[in-house]
Each structure stands twice: as C-alpha cells, then as structure tokens.
Amino acid sequence: MSASNDLYKSGLSKSGLSKLDLSMVRCGVRFIFSYRFAGKVKVALMDKSVNQVIGNVQRFQRRIAPLKNYNGQWQDLSDMEPLFTVKESVDLEQVVAMAYREAGCIKATVRNPPMFFTLFTDKADPEHFVLMQSGEHSYCDGKSAILLFNQVLRYYNALVTGDEASREAIIEQVTSLCSPSPQDIYALSTRSQQSLINVGRLRHVKNTLSLMTYKVSDTMPYATPHKALPTMLEQYRASTDQPSMKRLSIEPLIRYCEEKCPQVSPHNLICALLAKTNHTLSCHFKPQTNNPMVSFRVMVDILNMPMRQKCIGNYIAYLPVTIDTRRPLFQIATEINQRLYQAKLQRAEVSMYKLLEFALGSGMANKVNDPVAFIIANIDNISLNFNPEMLQGATLQNFQVTANAIPKDIGGAQLNNRPTICFNLASEHQLLISFFNTVTDPEISRKWLEIIDLKLQSLARSLSTVSC
C-alpha cells in the first residue's frame, strides 16, 4: 500500500464523491442483505450496537444530491427514520420479499437513512430471527456493507461481554473511515503527491488499450433499447416486484471442480455456469441467434483488505469477459479464472474504474447500449460463513443477497437496462441467485433461473461419466 496515512486523515478524502457513486443515485440502487439466525438476541444491545457503529460513519451523516454530468454535492439529512427497528413476523421466509417490495416503493425510501437495520422476530418461534441490513448503493458497495455489518456484531459481542476496549477500537475505526476520490485511488498526473494504488502510467495506457479493444459479443435480446426506455420506465415504476431468486445446491460441481481444476474458484465456476446457461436462454428468446459467444461484465473489488478497513464508498470495477459456450463448463471456468487473475495482476480493474469515471463524465456511458449481455456480482460474508457463531448466543443459518433499483431518470434507466445477477454461496455449497429489477422483461430472469436449475440437475447426473 503506497499511500501515506495523511490521505486517510484528510477531510477532503472523507467527503469524496465519485461519478460511480452518482450513477448509483441515478439508477436508484438499494441493497438488502438478510441474515437468518437460530438463537436469541438482546434487542436493546443490538439497538445500541447499530446506532453506535452506523451512527458514527461520517459518510452516512449527509445526503448525496446529484448534479449534472454525474457530479454531486452533500446536503444535510433531516427527518430520517431510526437506524434500527424491530418488527414481529409470522413468516420469516416472506421477510426478504416484503422488504424488497417496500424498497421498490419510491415513497417508502424518501425518509430512510443511507443504511439501516431491521430485526424481524418470529412470533411463533422466539429461537429464530432475521437481522436485515438495507442501504443505498451510492454510499457504499457490498464489500463495505459487509464489513460494517460484522462490526455491528463485534460491537454487540463487546457489549455482552463488557469489553470496553474493543468497543472503543471499533468506534475509532468506523469514525475514521474515509472516501478517497478517483484521483486519490490512482492519479495520472505526475504532480500528484500520493495515491492508494501504484499502477504506473505506461501500465495504465496498456490496460486502457486492452480494455477498449477487448472483443465483446452481445447478440442477446435482453437489453432494452434506449428509444424504448421512456415508455418502459413508466411501466417499471408502477409495478416494482419482489426479486426473482432461487437457492440451489452446487455441491457436485464444487467437488468435481476441486478434483479436476482446483485452481478455479467457486466464484468463477458459478460465472461459467451462468454464462453457459445464458446461451440456452438466448436460443429460447431468439431462436434465430446462432452465436455461441457470450459477453458479460464481472464486478470486482479494486481495493485490498487493509484498504477496505480504512475506506468506504464504491470501489468496484466492471471487467468484460467473453467466452465460447460450446466449450465444457470447467474449461470455461478456467478461462474466466485466468482472465480475472491476469486483470488483477496487471491492475486492469483499476484502469477500468478510471475508464468508467471518464465515460460517465464525458457522456459516453449513456450514448449507446453497453455491448454485453448481463452483469454479475458476488457478495459473500466470508467471515461469518467461516464463523457462523460470530454473534453471541446465535448461529447463522443462511444469508441472502438481494437488491432493487428505482431509476430516477432516463440516464439511470440507460445504465440499468439489462439483467444484473447477484449471487452468494452459503455453507454446504448452497448457491443463492437473485436478479434485482432492471428495466427489462421480467420473464428473462424467471426463465433464466428455470434453465439454471435444469442445467444443474443434468450436470449432477452426468459428472461421473461424461464431460460437461
């Protein structure tokens, strides 16, 4: 890490806004992370934990107000709902869907804080509860939200055990969180005194040329054409719905992958599965399409963990990936693995981050459809997965990632006009796939989940005898 501590202490860094942040405002993206626990929770202590941790994040103390050309400014927050509420539920299984529909209502989001928590208790079973974290994507990405959630749990534990030193350390950490601007992440100017990541000017030029000449193939009929967006956006706003989602077991695939291609991560195996089924979906919606190539964007983190502990904001890049769906699944997964590994090695994701800032600022991002079929993001709470008893007195049962989007204008709809897939992998190789509502045909996500389910069943039957 090349930046000095002065960068993290500067007031300017704490108030930094990126064009990516402002694009999230215009897209109206909200995330909903739902954690179901078995056990008991001390409500008063959880209330205090949320208010102490989330209430001390400086970035959440003001409202992001969009200006022209993806610029923005801070405004004072006023008349906000509480950071923590408790609701009694008769069916915890319906909690996520209910919260998703509420997040899809414009009126319901006006007074919501940038991030807030809801504790759902089970009226019939006091030994189970759901702790839900909701927030506006414009304030932080999924990785930052996960880290804050875990700090809430740690603060709660410190209250239970009377550990004052740990509580003070947590508050010091969240209070000092800053938001470096894109110029602070990696400055092209040689006059810059400091930056978080050292890419090198020549390396950045090479990365940019490689990204701009990377071949993408979007013959899929998913993206809503720009000319159709005004009408479809009005229909979309009037009928926001619960997420399309499905939980699937991929244990046979994981075991086979560990044996045949152990270098491939489960993340990239899932990306390969989604891309391969994408071609089947394309043939369903557009039978005349005879192109086996599929292009998509993978959301990747541009910061390492030490940086993440000090920064909060949107520090993600959307790397393009193109694959040939005629190849076996595990070969595709290997190619995706290599593509993302090389990008990290060359810091292409940082260049992609800078390139997106330029595209948004120049208006290039809204002129034509992004030539990819879909976008995919993986959100996992790794710490909690490895330690399901992190919360004192309770055990994690499952974790669900969903999101919603209510575009504020046509510009936001143009950035949000194709399927976006969120997935997380829980214990025992349980995969949850969800689509948040984009300005596209809702039948696409429903059919996609159906095809993925059938594909997994077929693969499970054939893994031991036939290459897939």
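Residues numbered from 1 in each chain as written. Predicted model: local features only at pLDDT ≥ 70, side-chain atom pairs only at ≥ 80, totals over all residues. Heavy atoms only, no water.

A. Region of the structure containing the packing of aromatic side chains. Taken as a whole and judged by the stated rule, the model has 14 aromatic pairs. On the basis of an interplanar angle of 10° and a centroid distance of 3.7 Å, the ring pair of Tyr35 and Phe149 is categorised as stacked. Residue Tyr35 is found in strand E1 (residues 29–39), and its partner Phe149 is found in helix H7 (residues 142–161); the two are separated by 114 residues along the sequence. The two residues Tyr35 and Phe149 agree in class, both being buried. With a centroid separation of 5.0 Å and an interplanar angle of 90°, the aromatic rings of Phe374 and Trp448 are classed as edge-to-face. Here Trp448 lies in helix H19 (residues 443–462) and Phe374 lies in strand E10 (residues 374–378), a separation of 74 residues in the sequence. Trp448 sits in the buried class, given a relative accessible area of 0%. Members of the aromatic cluster, joined through ring pairs, are Phe31, Phe33, Tyr35, Phe117, Phe149 and Phe399. Just above the ring of Tyr70 sits the side chain of Arg26; from NZ or CZ to the centre is 4.5 Å. Its guanidinium or amino end placed over the ring of Tyr214, Arg339 lies 3.9 Å from that ring's centre, counting from NZ or CZ. (Phe/Tyr/Trp six-rings, centres within 6.5 Å; stacked < 30°, edge-to-face > 60°. Helix = DSSP H or I, 4+ residues; strand = E, 2+ residues; numbered from the N terminus. Buried < 20%, exposed > 50% of the residue type's maximum accessible area, 1.4 Å probe, protein only. Lys NZ or Arg CZ within 6 Å of the ring centre and 35° of its normal.)

B. Looking closely at the confidence of the model for the chain. Mean pLDDT over the chain stands at 87; residues scoring 70 or higher make up 90%. Within the model, pLDDT remains below 50 along residues 8–14, and this stretch shows 19 contacts once partners closer than five positions in the same chain are excluded. (pLDDT = per-residue confidence, 0-100. Contact = heavy atoms within 4.5 Å.)

C. Focus on the sheet that holds strand E6 (residues 128–136). Here five strands make up an open sheet; going across it, the order is E4-E5-E6-E1-E11 and the pairing mixed. Bordering the open sheet on either side are strand E4 (84–89) and strand E11 (394–405), each of which pairs with just one other strand. Direction aside, the axes of adjacent strands within the sheet are offset by 20° on average. Against the sheet, helix H4 (residues 43–54) engages E4, strand E5 (115–122) and E6, with an angle of about 140° to E4. (Pairing = 2+ DSSP bridges. Axes fitted to C-alpha atoms, helices over the stretch in contact; angles between N-to-C directions.)

D. Molecular detail of the sheet that holds strand E12 (residues 420–426). Within the open sheet, the six strands sit side by side as E7-E13-E12-E10-E8-E9. Their pairing is mixed. Of all strands in the sheet, those with a lone pairing partner are strand E7 (244–249) and strand E9 (316–324), marking the two edges. Pairwise comparison of adjacent strand axes, ignoring direction, gives a mean angle of 25° for this sheet. In the packing of helix H13 (residues 266–285) onto the sheet, the strands contacted are strand E8 (293–301), E9, E10, E12 and strand E13 (430–435), and the crossing angle to E8 comes to about 150°. Of the strands in this sheet, E7, E10, E12 and E13 are in contact with H19, which crosses E7 at around 10°.

E. Representation of the pairing of E8 in the model. Along E8, eight of the nine residues are buried, which leaves the element largely enclosed by surrounding structure. In this structure, E8 lies alongside E9, joined through nine bridges in antiparallel fashion. From the neighbouring strand, Val298 faces E9, where its bridge partner is Leu319. As judged from the three bridges shared by E8 and E10, these two strands associate in the parallel manner. Within E10, the residue paired with Arg297 across the bridge is Ile375.

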